[in-house]
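# Overview (structure and organization)
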Amino acid sequence: MKNITVIGSGTMGNGIAHTFAQFGYQVNLVDINIEALDKAIVTITKNLDRQVAKGTLTEEAKEATLSNITTITDLQTGVENADLIVEAATENIELKLKIFKDLDQFAKPEAILASNTSSISITQIAAVTNRGDKVIGMHFMNPVPVMKLVEVIRGYATSNETTHQIMELSKKLEKSPVEVNDYPGFVANRILMPMINEAVYTLFEGVAGVEEIDTVMKLGMAHPMGPLQLADFIGLDVCLAILNVLHQGFGNPKYAPCPLLVNMVMAGKKGVKSGEGFYDYSNGVKEAKVAAKFI
């Protein structure tokens, strides 16, 4: 596989494009919004500059990486020659199903269709295509160029050959792939999101404040980032969407999202990307904030 297409140029999409391009793959980065694509290239360039400054990448390698990325607004043009297509669109099932129907129509028959979904069923996604054996989950972690884990999710129809190809490809990106089966939340978010939700409940019930909760988990459990700050980093809307998938998928009330999380998302407080969540980021840095007003 040499030609890679990434669908969606947001945080995950531009990180995935960056990573493939850095390892010499030709990457088409596809988004319907040209401004989003321009922003993605700016972000990739800044991240590459950071690598150069740290001495982990040469200036020549940075330029080569950027030259490996082509931005495209037309889906059909962007995927027709791809060996692998990685969908990294918004975590919305209707949108993903539409994209995969189109990918199945436009991509060459032998192309593998992967989704970076963090919780949505690969089996359900594959069912709208005529190549279920070639549909797989490739769940990268954020920030993609830095984090080593890739959850490789096998749908019900995913073939051994497709799984093997994606496992080996992930290793070529110097990632550590872990094969998991297709159940709500897979492994990472099935464990992580209930922890975040419980942290929100702990705040909601007045047990402790934002910084206190995060400090306990950082110093007591050796977590590099507290669960509330991590939720801000992931996006509170994304956390809510994943919890809803878990709740609906298992029908177990233990996955029901905390009302505080629901209210914050409805109020537009989505974390880092909106400038405010459990912490305030409006000045460009994380600052302490009292979230009690949302309770």
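Analysis parameters
- Residues numbered from 1 in each chain as written.
- Predicted model: local features only at pLDDT ≥ 70, side-chain atom pairs only at ≥ 80, totals over all residues.
- Heavy atoms only, no water.
- Pairing = 2+ DSSP bridges.
- Helix = DSSP H or I, 4+ residues; strand = E, 2+ residues; numbered from the N terminus.
- Axes fitted to C-alpha atoms, helices over the stretch in contact; angles between N-to-C directions.
- Contact = heavy atoms within 4.5 Å.
- Phe/Tyr/Trp six-rings, centres within 6.5 Å; stacked < 30°, edge-to-face > 60°.
- Buried < 20%, exposed > 50% of the residue type's maximum accessible area, 1.4 Å probe, protein only.
- Lys NZ or Arg CZ within 6 Å of the ring centre and 35° of its normal.
- UniProt positions renumbered as here; feature names shortened; annotations may be inferred.
- Polar contact = N/O pair within 3.5 Å; in protein donor to acceptor, adjacent residues only side chain to side chain.
- Domains from an automatic or database assignment.
- Buried area = accessible area lost by both parts, 1.4 Å probe.
- Salt bridge = Lys/Arg side-chain N within 4 Å of Asp/Glu carboxyl O.

The next point concerns the sheet that holds strand S3 (residues 69-72). Strand order in the open sheet made by the 8 strands is S3-S2-S1-S4-S5-S6-S7-S8, with mixed pairing throughout. The sheet is open, and its two edges are formed by S3 and strand S8 (176-181), each paired on a single side. Strand-to-strand twist in this sheet, taken as the mean axis angle between neighbours without regard to direction, amounts to 25°. Bridge count between strand S5 (residues 112-115) and strand S6 (residues 135-140): 3 bridges; the pairing is parallel. Residue Leu113 lies in a different strand from S6, and its bridge partner there is Val135. Taken strand by strand, helix H7 (residues 160-172) contacts strand S4 (84-87), S5, S6, strand S7 (149-154) and S8, and its axis lies near 175° from that of S7.

On to the packing of aromatic side chains. Following the criterion strictly, the structure yields 4 aromatic pairs and no others. With a centroid separation of 6.3 Å and 70° between ring planes, the pair formed by Tyr201 and Phe204 is classed as edge-to-face. Placement of the pair is Tyr201 and Phe204 together in helix H8 (residues 188-204), with a separation of 3 residues, close to one helical turn. The partly exposed category is assigned to Tyr201, whose relative accessible area is 21%. Note on Phe204: relative accessible area 30%, which makes it partly exposed. Aromatic ring contacts, followed pair by pair, group Phe20, Tyr25 and Phe140 into a single cluster. Taking NZ or CZ as reference, Lys286 lies 4.4 Å from the ring centre of Tyr279, over its face.

A few words on the side chain of Thr5. Within the secondary structure, Thr5 sits in strand S1 (residues 3-7). Classification of Thr5 as buried rests on a relative accessible area of 1%. In contact with Thr5, not counting residues within four places along its chain, are Asn28, Val30, Gly78, Val79, Ala82, Leu84, Ile85 and Val86.

UniProt tags His139 as "site: Important for catalytic activity" (unreviewed entry). Topologically, His139 is positioned in strand S6. Look at His139 and you get buried, because its relative accessible area is 6%. In contact with His139, other than residues within four places in its own chain, are Ser115, Asn116, Thr117, Ser118, Leu149, Val150, Glu151, Ile153 and Asn189. At 2.8 Å, the side chain of His139 forms a polar contact with the side chain of Glu151.

UniProt records the feature "domain: 3-hydroxyacyl-CoA dehydrogenase C-terminal" (unreviewed entry) for residues 185-281 in the present numbering. Taken end to end, residues 185-281 has its terminal C-alpha atoms 28 Å apart, with 62% of it in helix and 0% in strand.

With respect to the secondary-structure elements, Thr158 resides in the loop between S7 and H7. Here Thr158 falls in the buried class, since its relative accessible area comes to 5%. There is a polar contact of 2.8 Å between the side chain of Thr158 and the backbone nitrogen of Gly155. What Thr158 contacts, discounting residues up to four positions off in sequence, is Gly132, Asp133, Val135, Ile136 and Thr163.

For the bond from Asn142 to Pro143, the omega torsion is 0°, close enough to zero to count as cis. With respect to the element layout, Pro143 can be found in the loop between S6 and S7. For Phe186, which is not glycine, the phi torsion reads 55° and is therefore positive. Relative to the elements of secondary structure, Phe186 occurs in the loop between S8 and H8. Non-glycine residue Ala222 carries a positive phi angle of around 60°. Secondary-structure assignment places Ala222 in the loop between helix H9 (210-221) and helix H10 (227-234).

Once that is clear, we can look at the domain arrangement of the chain. Per the domain assignment, the segments making up the chain are domain 1 (3-181) and domain 2 (189-290). Of note, the centres of domain 1 and domain 2, computed from C-alpha atoms alone, are 26 Å apart. The partner domain 2 presents 5 residues to the 7 residues of domain 1 that form the contact. Interface area for domain 1 against domain 2, summed over the two sides, is near 470 Å², with a carbon-plus-sulfur share of 59%. For the domain 1 face of the interface with domain 2, the top three residues by lost area are Ser118, Ser119 and Asn142, together amounting to 64%. Along the contact surface separating domain 1 from domain 2 lie 0 salt bridges. At the junction of domain 1 and domain 2, the tally comes to 1 residue pair in polar contact (both at pLDDT 80 or more).

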